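Examination of the molecular architecture
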Amino acid sequence: MTTTRWRRLLITGAAGRLGSHLRSDLRDLAQHVRVSDLRGLSPAADGEEVVQAELSDMAAVQAMLEGVDAVVHLGAVMPQAPWETVLQANIIGSFNVFEAARQAGVKRIVFASSHHAIGMYDRSQPLDSDAPPRPGNLYGLSKAFGENLARMYHDKHGIEVACLRIGSCFERPTDERMLSTWLSHADMVQLCRRCLVAPAIGYSVVYGVSANSRSWWSNDKVDFLGFAPQDSADAYAQDIAHAIGPASAPLSARAARLQGGRYTDLIP
Ligand SMILES: NC(=O)c1ccc[n+]([C@@H]2O[C@H](COP(=O)([O-])OP(=O)(O)OC[C@H]3O[C@@H](n4cnc5c(N)ncnc54)[C@H](O)[C@@H]3O)[C@@H](O)[C@H]2O)c1
């Protein structure tokens, strides 16, 4: 997969954990890669453009989208953030990105949703791309808003969108729940690339998860993407079984039952 598919690809949240990987890993897919964040970014490499922008500032977002034809939208705050920050960054910020994308004539957006958009499903319930959101916290609610925002911009304006319900994208799984939800960095890169190079993606909901045998999620309905994860949390199961002992923080009964785990205990 080495085609220069896009004229200018924008990556928001590019100073973050995932964005700083994807910045270089997606570089060959566009003539120019524009990287953006609220935080300072390292200087532009060859073929890159660096734009510092606050997602809740529409004028700044409009300038960030100028000349862009594809977007990987990662910029967001995390589950523990207070409501006012979630509102500004994840809800108003995502609206600004989609609306400015429409104005700029963007063709395709890869939206970083989250499994916290489906956090209230029981672990015994397998889910596929048709599963409606059941957010487990305000952050998950903001991601559900993003999925609906994407749906509207696809239906009304024809922008193609892949909503990635990302599991737990870390170096390695570190607790029992992650044996189901883990997504390796390499598989995350592959997933983003597939979403960006596929001839057509329409509106797709895709689970960002490695080939974990304990996964609750199926990508059968989006198999046209050709996403074939290469890593699996299974390799870490033994280590995690040994690590879980009396010292581990106990889970509430609800957290232990739900896909969103301890994050479903966040109030409200
Ligand atoms: N890492 C995971 O396991 C995981 C799981 C589910 C979903 N996601 C989603 O994937 C995306 C990337 O996650 P990450 O782990 O790299 O997160 P991260 O916190 O490391 O990066 C997010 C970036 O967004 C930027 N940002 C936050 N608010 C902003 C604002 N108002 N304006 C501009 N930039 C702002 C931050 O500065 C940060 O660099 C996020 O949307 C996250 O919700 C990640």
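Scroll up a little and you will see the structure.
Just so it is clear, the model here is predicted, and its values are computed rather than measured.

Let's talk about the site of the ligand
- Taken together, 25 residues lie near the ligand, and Gly-13, Gly-16, Leu-18, Leu-38 and Ala-76 sit nearest.
- Put simply, the parts of the chain that give the shell around the ligand at least two residues each are helix 1 (17-25), helix 3 (83-104), strand 5 (108-114) and strand 7 (168-169).
- Taken together, the residues of the shell around the ligand sort by class into 12 nonpolar, 9 polar and 4 charged.

Notes on unusual backbone geometry
- That bond from Ile-267 to Pro-268 is cis: its omega, 5°, falls within 30 degrees of zero.
- For Pro-268, the location among the structural elements is in the segment after helix 8 (253-257).

Points about the sheet that holds strand 5
- Overall, parallel pairing links the 7 strands, which are arranged 3-2-1-4-5-6-9 in an open sheet. Of all the strands in the sheet, the pair left with one neighbour each is strand 3 (48-52) and strand 9 (203-208). Pairwise comparison of adjacent strand axes, ignoring direction, gives a mean angle of 20° for this sheet.
- Where strand 1 (residues 6-12) and strand 4 (residues 70-73) come together, 4 bridges link them in parallel fashion. Counterpart to Ile-11 in the pairing with strand 4 is Val-72.
- The sheet contacts of helix 3 involve strand 1, strand 4 and strand 5, and relative to strand 4 the element is tilted by about 175°.
- Each of strand 4, strand 5, strand 6 (160-166) and strand 9 is contacted by helix 6 (residues 185-197), which is oriented at about 145° to strand 5, the strand it contacts most.

Things to note about helix 1
- Of the residues making up helix 1, those classed as buried are Leu-18, Gly-19, Leu-22 and Arg-23. The buried residues of helix 1 occupy an angular sector of 135° when the element is viewed end-on, so they sit on one face.
- Against the buried residues of helix 1 lie strand 1, strand 2 (30-37), strand 4, strand 7 and helix 6.

Quick notes on the rules
- Along each chain, numbering runs from 1 in the same order as the chain's sequence is written.
- Totals for whole chains, interfaces and linings use every residue, but because this is a predicted model, local features are given only for residues with pLDDT of at least 70 and side-chain atom pairs only at 80 or more, for both listing and counting.
- In this entry, near means the residue's backbone-placed C-beta atom lies within 6 Å of the molecule or strand.
- Secondary structure elements follow DSSP: runs of H or I of four or more residues count as helices, runs of E of two or more count as strands, with numbering from the N terminus.
- Note that Gly is not counted as nonpolar here; it falls among the polar residues with everything else outside the nonpolar set of Ala, Val, Leu, Ile, Met, Phe, Trp, Tyr, Cys and Pro and the charged set of Asp, Glu, Lys and Arg.
- Strands are treated as partners if at least two bridges between them are detected by DSSP.
- Here, axes are lines fitted to C-alpha atoms. For helices the fit covers the stretch in contact, and angles between N-to-C directions go from 0 to 180 degrees.
- A pair of residues counts as a contact when their C-beta atoms, built from backbone coordinates, are within 7 Å of each other.
- Think of it as a crowd count around each C-beta: if 20 or more other C-beta atoms lie within 10 Å the residue is buried, if 12 or fewer it is exposed, and in between it is partly exposed, with C-beta placed from the backbone throughout.
- Working note: the arc is built from the helix axis to C-beta atom directions.

By themselves these figures say nothing about function.
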